[in-house]
Amino acid sequence: MSFSQGVDPNVATGAPPRRPRVPGRACSWRDPIRCRRGARPGGGGAGICVGTTPSSTGLRDDKLTPLSSSRLGTYAGGVSPGLLGGTPGEAVRHCSAPEDPIFRLSSLYPYLFPGIIKSRDMSRKRHRLVPETTGLKRRRKQGPVESDPLRGELGSARAAVSELMQLFPRGLFEDALPPIALRSQVYSLVPDRTVADRQLKELQEQGEIRIVQLGFDLDAHGIIFTEDYRTRVLKACDGRPYAGAVQKFLASVLPACGDLSFQQEQMTQTFGFRDSEITHLVNAGVLTVRDAGSWWLAVPGAGRFIKYFVKGRQAVLGMVRKAKYRELLLSELLGRRAPAVVRLGLTYHVHDLIGAQLVDCISTTSGTLLRLPET
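Before going into details, it helps to say that this report is about the structure given with it. Small disclaimer: the values here were computed from a predicted structure and weren't measured.

### Remarks on the overall build of the protein
In terms of helices and strands, the protein carries 14 helices and eleven strands. Classification of the 375 residues of the protein by burial places 37% in the buried group. Put simply, 65% of the contacts in the protein that link residues at least 6 apart link residues at least 24 apart. On the protein, roughly 23400 Å² of surface is accessible, and the fraction owed to carbon and sulfur atoms is 52%.

### Overview of the side chain of Arg 183
Looking at the secondary structure, you find Arg 183 in helix α6 (residues 183-189). On the accessibility criterion, Arg 183 (17% relative accessible area) is buried. Non-local contacts of Arg 183, meaning those with residues more than four positions away in its chain, are made with Asp 197, Leu 200, Ile 211, His 221 and Ile 223.

### Side note on the sheet that holds strand β11 (residues 367-371)
Pairing is antiparallel in the open sheet, where three strands are placed in the order β9-β11-β10. Of all the strands in the sheet, just β9 (327-329) and β10 (360-364) have a single pairing partner and so form its edges. Going from strand to strand, the sheet's axes swing by 25 degrees on average, the running direction of each strand aside. Note: β10 against β11, five bridges, orientation antiparallel. When the bridges of β11 are listed, Ile 362 appears paired with Leu 369.

About the criteria used
- Residues numbered from 1 in each chain as written.
- Predicted model: local features only at pLDDT ≥ 70, side-chain atom pairs only at ≥ 80, totals over all residues.
- Heavy atoms only, no water.
- Helix = DSSP H or I, 4+ residues; strand = E, 2+ residues; numbered from the N terminus.
- Buried < 20%, exposed > 50% of the residue type's maximum accessible area, 1.4 Å probe, protein only.
- Contact = heavy atoms within 4.5 Å.
- Areas by Shrake-Rupley, 256 points an atom, 1.4 Å probe, with all protein chains shown as cover.
- Pairing = 2+ DSSP bridges.
- Axes fitted to C-alpha atoms, helices over the stretch in contact; angles between N-to-C directions.

Structural data, given as structure tokens:
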């Protein structure tokens, strides 16, 4: 009799020795689950044959390694019990097809069909990312509405005119022109136009202000304080041939008549002006021809102001037009660098755009939004 000792092949080849397999806790045997369709255990058709886990592995059904999609097809078509962990002599369990409700109770369902059951973590993330349409939406907390200095509503047209006069760039014209404010600018500070017109009319009748026609538009009315107008006109006509006619006009016509225009009959019969004197007034720039036998009250040297004003208005409108959605916050517009053609200042033109309704003003939490009206 010969005795032979078994040699570990790993030791013989120089590989580390294999660790002995430690048996785990045995899994209790379960009774076979019958299919409701009456399929025989171990057979094909509507059922899937699943073997019980061997006791040596110490693994439960819910701890089985997930199967790949290629191996999943082998299970569905009927697989041998040995591949699932059982032996041909062991009893097998017969589970229903995926459409059977009882199949959902099996612990193998997440591994055999991983695409059907969604992860709870993903569900929680999806609930946080996608709001429910039937639930209550989270409302944005309303903050305080920022007030813009240009939109401060003044109740007095007199105060509005005084504030606008401060914006007039006197140094641009070397103090040769009296400060001029437009009627449309007053509307930006006194939104009630009826109140603004009534108060301006009262100031005009009292002789405190003079209203002149600027000429580039029928509604373009300039507002000038009477004392400033008289001072600048006398300074512009000093030493000129028509200085006598201008002084006569300022002494007799200006205090007595606050109209915007003058008729020939009124000038000749009421105030005693000859045709030559009226011609001197036109040459001095105090009057401009309206039509035959009629003249507008004017400001000497106002042509340069009108040219700057028209170009500046178009430039500021272009800034709003080029903005996204043709709208721009008032604070953002005033914070930008003005183009070179805007000689009178951005603030001066913004008052005109708002009062002339060339832009729509919309109050938002971020401030006043200027938007071009739809045409």
